[in-house]
Amino acid sequence: MAVAQRRGRRIMMTAEEVDAFLGAQRTCRVATVSPDGRPHVGALWFAWDGTSLWLYSIVRSRRWADLRSDPRVAVVVDDGTEYGDLRGVELSGTVEFVGEAPRTGEPHPGLEAVERLFAAKNFGLESMPHDGRHAWLRLTPDAVVSWDFRKMPDPG
């Protein structure tokens, strides 16, 4: 169960707004920590299933190596151009590795729905193309923090 947001309640998104926002956005920023303590942040496409954030990562990446060593992660999805339009969600917790790595498309009941969702959202396809270089990470967040500056009172 996710930790409740304590600060910024006035501008936080409702659960329904978080779902809609994560369902509509495509790119997230994933933060990991290397064994030597160096932080690493990289952008990825993702899918949100209403409970978990699904990341399709290259298995020969620094991100993957970092998460194999320490599966704790923080992910930010944000949007907005002008200050008053900024909004976003930060999700944090521990990732799970799901399916074979790299993913070759072997039948996996836990991946059927997310692969359809990811393929439709990011590729406009009905089924997931597998390139033998990527594999699935699932983040069911321990904590979710959100903000929507459009909810701030107008100073004027």
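Everything below is about the structure printed above this text.
It should be emphasised that the depicted structure is a prediction, and the values quoted were computed from it without experimental measurement.

## Here we look at the overall build of the chain
Right, on to step 1. Helices and strands together make up the secondary structure of the chain, namely three helices and seven strands.
Right, on to step 2. If you list the helices and strands of the chain from N to C, you get α-β-β-β-α-β-β-α-β-β.
Right, on to step 3. The globule rule puts the C-alpha radius of gyration for 156 residues at 15 Å, and the 16 Å found for the chain is close to it.
Right, on to step 4. Each principal axis of the C-alpha atoms in the chain carries an extent, and together these give about 55 × 40 × 30 Å.
Right, on to step 5. Taken across its 156 residues, the chain has 37% of its residues classed as buried.
Right, on to step 6. If you sum the accessible surface of the chain, you get close to 8,900 Å²; carbon and sulfur atoms cover 53% of it.

## Examining the side chain of glutamine 25
Right, on to step 1. Along the polypeptide, glutamine 25 turns up in the loop between helix 1 (15-24) and strand 1 (27-33).
Right, on to step 2. The exposure class of glutamine 25 is buried, given its relative accessible area of 16%.
Right, on to step 3. Dropping the residues within four chain positions of it, glutamine 25 is found in contact with Phe46, Val77, Asp78, Asp79, Arg87 and Lys121.

## Points about the side chain of aspartate 66
Right, on to step 1. Along the polypeptide, aspartate 66 turns up in helix 2 (residues 62-69).
Right, on to step 2. We classify aspartate 66 as buried; its relative accessible area is 3%.
Right, on to step 3. The contact partners of aspartate 66, leaving out residues within four places of it in the chain, are Thr32, Val33, Ser34, Pro35 and His40.

## Points about the pairing of strand 3 (residues 53-58)
Right, on to step 1. Within strand 3, five of the six residues are buried, which leaves the element mostly enclosed by the surrounding structure.
Right, on to step 2. Of the pairings in the sheet, the one linking strand 2 (residues 39-48) to strand 3 comprises three bridges and is antiparallel in character. Bridging across to strand 3, phenylalanine 46 finds its partner in leucine 55.
Right, on to step 3. Counted between consecutive antiparallel strands, the loop separating strand 2 from strand 3 contains four residues, among which glycine 50 sits at a positive phi close to 95°.
Right, on to step 4. Inspection of the sheet shows strand 3 paired to strand 6 (residues 134-139) by six bridges, in the antiparallel sense. The residue bridging leucine 55 from the neighbouring strand is leucine 137, located in strand 6.

## Notes on the packing of aromatic side chains
Aromatic ring pairs: the centre-centre distance and the angle between the two ring planes describe each pair.
Right, on to step 1. In this structure the tally under the stated criterion is eight aromatic pairs.
Right, on to step 2. Geometrically, the ring pair formed by tryptophan 54 and tryptophan 136 is edge-to-face, given 6.1 Å between the ring centres and 80° between the ring planes. Pair noted here: tryptophan 54 is in strand 3 and tryptophan 136 is in strand 6, with a separation of 82 residues, a long-range link.
Right, on to step 3. When its relative accessible area of 0% is taken as the criterion, tryptophan 136 is described as buried.
Right, on to step 4. Ring pairs connect the aromatic residues Trp45, Trp54, Tyr56, Phe118, Phe123 and Trp136, which therefore count as one cluster.
Right, on to step 5. Over the ring of tryptophan 45 we find arginine 26; its NZ or CZ atom is 4.5 Å from the centre of that ring.
Right, on to step 6. Its end group placed over the ring of phenylalanine 97, arginine 68 keeps NZ or CZ at 3.8 Å from the ring centre.

Parameters at a glance
Residues numbered from 1 in each chain as written. Predicted model: local features only at pLDDT ≥ 70, side-chain atom pairs only at ≥ 80, totals over all residues. Heavy atoms only, no water. Helix = DSSP H or I, 4+ residues; strand = E, 2+ residues; numbered from the N terminus. Rg over C-alpha atoms; globule rule 2.2 N^0.38 Å. Buried < 20%, exposed > 50% of the residue type's maximum accessible area, 1.4 Å probe, protein only. Areas by Shrake-Rupley, 256 points an atom, 1.4 Å probe, with all protein chains shown as cover. Contact = heavy atoms within 4.5 Å. Pairing = 2+ DSSP bridges. Phe/Tyr/Trp six-rings, centres within 6.5 Å; stacked < 30°, edge-to-face > 60°. Lys NZ or Arg CZ within 6 Å of the ring centre and 35° of its normal.

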